[in-house]
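# Chain and residue survey
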Amino acid sequence: MPDRSSSKLLRALLPLLAATGCDGCPSSKPYTPYTLGSATPSGSPPPLSGVAPGAADAGPEAGAPDAAAPPRFAVVPSVPAPAGGKQWPLEGGAVVAAPTGRTFETGLLLDADGDGARDLVVWARSPDGLRGELLLAPAARPQALRTLTALPGDLAAQGCTPRVALNQIGPSALAFDFAPQCGADRRAASAGATRWLAVIRLPGSAAGAGAPPELALELRLRTPPPEEALSAALEVADRDADGRDDLLVTLGLSGALRPFSAPHPSPAPAGAASELRAPLIFLDRPAGLSRDAAQPGETLRALAASLLRDARGKATAPSVAAAAQRLRRLNAVLCADAAGGGALAGRDAIRAGEALVWTGAGPVRCGEPGLAAAIDNAEAVAASTRGAPLAAIAALDHGAEPRTKDADKLLAKLAPPAAATAVYRTAAAPQPAGPGAFGPLAFEASGALLVRTAQGVVRVDPATSTESATDIPPWPAAIHAGPAQLVAVERRCDAPTLLALFRSSPDAVGEMEVPLPLLRGQGPRARAASPERCAGTERLPFSPLAASEGGFDIALGAALVSIDLRAAAPASSALSFPLTTPAPQGAARSPDGATLAVPAAGGLVVATAGGPARLWSGGDLAQGTACAPANGGARVACVVGAAAVIFEAK
């Protein structure tokens, strides 16, 4: 079935890409884009594309030629160096010798300095190919080699084989592409491999004969996780009608992180709905290229607005959750200041944060502080439209940014507030349980409360205010699925999703990881963490809901997740409410399993299948932990200090 939400997102992008330029102006010169493939290609750099970014989604007339438009500049690829790569002959019989310790690999013959003679622009590499320089050999002085730019030393990816490409992408622009090829078997070792693109600006006639070319832009594309691909298309055109060619870099993200499902491609001829794109625009100024600060922020806002439109439609709402995750991911990949992205300043934003894109001026800052909240709101509206209030509450409670007034109104509608009042405080002291363990409280179907203490299980009858010892065996605190034990849920700087950690057996050495269907900026948040700085490794609170031989069900706030251990590679997925698994004692569920009570949205969300959810707050409930509801959700018991407290809500 086509992914309508993704298709609409791509269509929303096209007007913005057109609006940022001046393609209808007489001075506008559209040139064939130079297209890079995935930032982790498996072979040689991909062939050049003659299709403008987004043209596949522009409609049936997109491919029709415009008789009034000037002819496109045909991209000119470089040619391999002559045999041996030690010399390169020029016109007129002159010969350029490779510098000591370098070998010519690929080059272009063109008038690079405006003197009317064809010069050589050539990539000279070290024997291992991991170091090198882009050189200019002027026709007038072939041995006076000039370095236009050198590969930054910190980009050498040991164990990888580089592939390079040099192309003339416009009358006054060259593009050099250095792409490490690391192979699937060396992917983990090459996690820091970075694709490097250098744009060289050729001097115009106003610069005078003999003026050298200069480096105009550096672009770094860090290796994405194996399930994703990062692409870039470069296009030069006079977008502001000032007679100077500007640069448009359209970045695309496709694929999906594990365990998210990859988007379904749209019907032919588009096939591009699986890739979300956003532009970086660099305007040519006398002092050099200057990035248009409006992008990619404007495009990201338009994509979020398209999500909200789809969220309100019955037919399109089911696909919004997946599209929202892709848009969050695109935002995190492009923008070092993405809320919840955990970015660091300077080049460390590439090494420690999620941002995969870096320019010579530093990481890209998009300046869209309300974008995360807008995406959350769209996902919540979509969940509400499809009748999934708990999923809607989870979307509103991601915590990356403060909720908007509209989001607060929606939350109040989904989970009306309820004032909690303590009706009974036990004398029995619940046995302490660590974060994420099965709690020491469990209601019985009769309404009595069981309290697991250090001495045994005590039954509490609040109607008669009696507490009595029982012979009920204490239930375990550890969360086991057969021999496996769930240990923790972590947010880490080096992982784009939240991770569940478990041991395969009690005596196992080390822990195994399962990616969860929540991005790193989702789930419960540490209030002290800065939205632009990753907090290292952070263990998150979660509520156990069920455990069986097959795996675990847990809640992170109001987000419900199932972890399946039955396959050779453990997997996780989002859970729908109500749950069908039995409710073990100590879980955040009622004895019949139909009601759950989880801390979320600043209170305790109590939801019962077939009934409305309510947001409990007030009194000692804010200090409560390990809460468990009774059947029907009329009462909830929580550990408060050294006692168990039973609450009711009005």
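### A closer look at the overall build of the protein chain
The number of helices and strands found in the protein chain is seven helices and 39 strands. When the 650 residues of the protein chain are sorted by exposure, 54% land in the buried category. Taking the intrachain contacts of the protein chain between residues at least 6 apart in sequence as the baseline, contacts between residues at least 24 apart amount to 60%. Per element, the accessible surface of the protein chain, about 26600 Å² overall, is 56% carbon and sulfur.

### What about the packing of helix 2 (residues 297–311) against helix 3 (residues 320–334)?
For the pair helix 2 and helix 3, interaxial distance at closest approach is 10 Å and the crossing angle is 170 degrees. For the element pair helix 2 / helix 3, the angle class is roughly antiparallel. Facing Leu300, Leu303, Ala304, Leu307, Asp310 and Ala311 of helix 2, the residues of helix 3 in contact are Val320, Ala323, Ala324, Leu327, Leu330 and Asn331. Each residue belonging to the contact of helix 2 with helix 3 can be placed in one class, and the counts come to 10 nonpolar, one polar and one charged.

### Quick word on helix 7 (residues 405–414)
Turn by turn, an α-helix covers 3.6 residues, leaving residues three or four places apart pointing in a common direction. Along helix 7, the positions that sit buried rather than exposed are Ala407, Leu410, Leu411 and Leu414. All buried residues of helix 7 lie within an arc of 100 degrees about the axis, which places them on one face of the element. Exposed residues on helix 7 whose side chains face more than 90 degrees from its buried face are Lys405, Lys409 and Lys413. If you follow the buried residues of helix 7, they end up packed against helix 5 (371–385) and helix 6 (389–396).

### Observations concerning the pairing of strand 39 (residues 643–649)
The element strand 39 is largely enclosed, with a buried count of six among its seven residues. Across five bridges, the pairing between strand 20 (residues 417–425) and strand 39 is antiparallel. Looking at strand 39, one finds that Ala420 is bridged to Ala649. Pairing of strand 38 (residues 635–640) with strand 39 involves six bridges; the strand directions are antiparallel. Counterpart to Val636 in the pairing with strand 39 is Phe647. Between strand 38 and strand 39, which pair antiparallel and follow one another directly, the connecting turn spans two residues, one of which, Gly641, has a positive phi of 65 degrees.

### So, the packing of helix 6 against helix 7
At a minimum axis separation of 10 Å, helix 6 and helix 7 run at an interaxial angle of 150 degrees. Taken together, the axes of helix 6 and helix 7 are roughly antiparallel relative to one another. Handedness of the crossing formed by helix 6 with helix 7: left-handed. Of the residues in helix 7, those touching helix 6 at Pro389, Ala392, Ile393 and Leu396 are Ala407, Leu410, Leu411 and Leu414.

### Re the side chain of Thr316
Structurally, the position occupied by Thr316 is in the loop between helix 2 and helix 3. A distance of 2.6 Å separates a polar atom in the side chain of Thr316 from the backbone oxygen of Asp310.

### Some words on the sheet that holds strand 11 (residues 173–181)
Consider a sheet: its strands pair through backbone hydrogen bonds, and that pairing is either parallel or antiparallel. In space, the seven strands of this open sheet follow the order 2-10-11-12-13-18-19, with antiparallel pairing throughout. Single-partner strands in this sheet number two, and they are strand 2 (76–77) and strand 19 (362–363). Where strand 18 (residues 357–359) lies against strand 19, two bridges are found, and the strand directions are antiparallel. Within the sheet, the bridge partner assigned to Thr359 lies in strand 19 and is Gly362.

### Structural notes on the state of the cysteines
If you walk through the whole model with that rule in mind, you get two disulfides. The disulfide partner of Cys335 is Cys366, and the S-S distance across this bridge is 1.9 Å. In this structure, the disulfide formed by Cys335 and Cys366 twists by about -80 degrees around the S-S bond and is classed as left-handed. Here the residue Cys335 occupies a position in the loop between helix 3 and helix 4 (348–352), and Cys366 occupies one in the loop between strand 19 and helix 5, the gap between them amounting to 31 residues. With a relative accessible area of 2%, Cys335 lands in the buried category. By relative accessible area, Cys366 is classed as buried at 5%. A sulfur-sulfur distance of 2.0 Å marks the disulfide that ties Cys627 to Cys638. Measuring the twist about the S-S bond at about 115 degrees, one finds the Cys627-Cys638 disulfide to be right-handed. A residue pair is termed long-range when its members are at least 10 positions apart, and Cys627 in strand 37 (residues 625–629) and Cys638 in strand 38 qualify at 11 residues. For Cys627, a relative accessible area of 12% translates into the label buried.

### A closer look at the confidence of the model for the protein chain
Summing up the model confidence of the protein chain, the mean pLDDT is 83 and the portion of residues at 70 or higher is 81%. Scored below 50 in pLDDT, residues 1–32 shows 98 contacts in the model against residues more than four places distant or in partner chains. This stretch, residues 266–272, has a pLDDT under 50; its non-local contacts, to residues over four places away or in other chains, come to 11 contacts.

### Concerning the pattern of salt bridges
For the structure shown, the criterion picks out 28 salt bridges. The salt bridge involving Asp284 is made with Arg244; its shortest N-O contact spans 3.3 Å. Taken as a pair, Asp284 in strand 16 (residues 275–285) and Arg244 in the loop between strand 14 (228–237) and strand 15 (246–255) lie far apart in primary sequence, 40 residues in all. The closest approach of N and O atoms between Glu368 and Arg301, which form a salt bridge, is 2.4 Å. Of this pair, Glu368 sits in the loop between strand 19 and helix 5 while Arg301 is found in helix 2, placing the two residues 67 residues apart along the sequence. Salt bridges sharing common partners tie together Glu490, Arg492, Asp494, Arg503, Glu511, Glu513 and Arg539.

### Brief notes about the nonpolar core
By size, the foremost hydrophobic cluster in this structure holds 99 residues, and its most contacted members are Val249, Leu327, Leu330, Val357, Ile393, Leu556 and Ile563. By size, the runner-up hydrophobic cluster in this structure holds 19 residues, among which are Leu108, Leu136, Leu151 and Ala198.

### Comments concerning helix 6
Most of helix 6 sits inside the fold, with six of its eight residues counted as buried. Among all positions of helix 6, only Leu390, Ala392, Ile393, Ala394, Ala395 and Leu396 are buried. Tucked into the core, helix 6 has its buried residues touching helix 5, helix 7, strand 32 (559–564), strand 34 (595–600) and strand 35 (603–608).

Thresholds applied
- Residues numbered from 1 in each chain as written.
- Predicted model: local features only at pLDDT ≥ 70, side-chain atom pairs only at ≥ 80, totals over all residues.
- Heavy atoms only, no water.
- Helix = DSSP H or I, 4+ residues; strand = E, 2+ residues; numbered from the N terminus.
- Buried < 20%, exposed > 50% of the residue type's maximum accessible area, 1.4 Å probe, protein only.
- Contact = heavy atoms within 4.5 Å.
- Areas by Shrake-Rupley, 256 points an atom, 1.4 Å probe, with all protein chains shown as cover.
- Axes fitted to C-alpha atoms, helices over the stretch in contact; angles between N-to-C directions.
- Parallel < 35°, antiparallel > 145°, perpendicular 65-115°, else oblique.
- Nonpolar A, V, L, I, M, F, W, Y, C, P; charged D, E, K, R; others polar.
- Arc of directions from axis to C-beta.
- Pairing = 2+ DSSP bridges.
- Left-handed = near helix turned anticlockwise from the far one by under 90°.
- Polar contact = N/O pair within 3.5 Å; in protein donor to acceptor, adjacent residues only side chain to side chain.
- Disulfide = S-S within 2.5 Å.
- pLDDT = per-residue confidence, 0-100.
- Salt bridge = Lys/Arg side-chain N within 4 Å of Asp/Glu carboxyl O.
- Core = buried A, V, L, I, M, F, W, Y, C linked by side-chain atoms within 4.5 Å.

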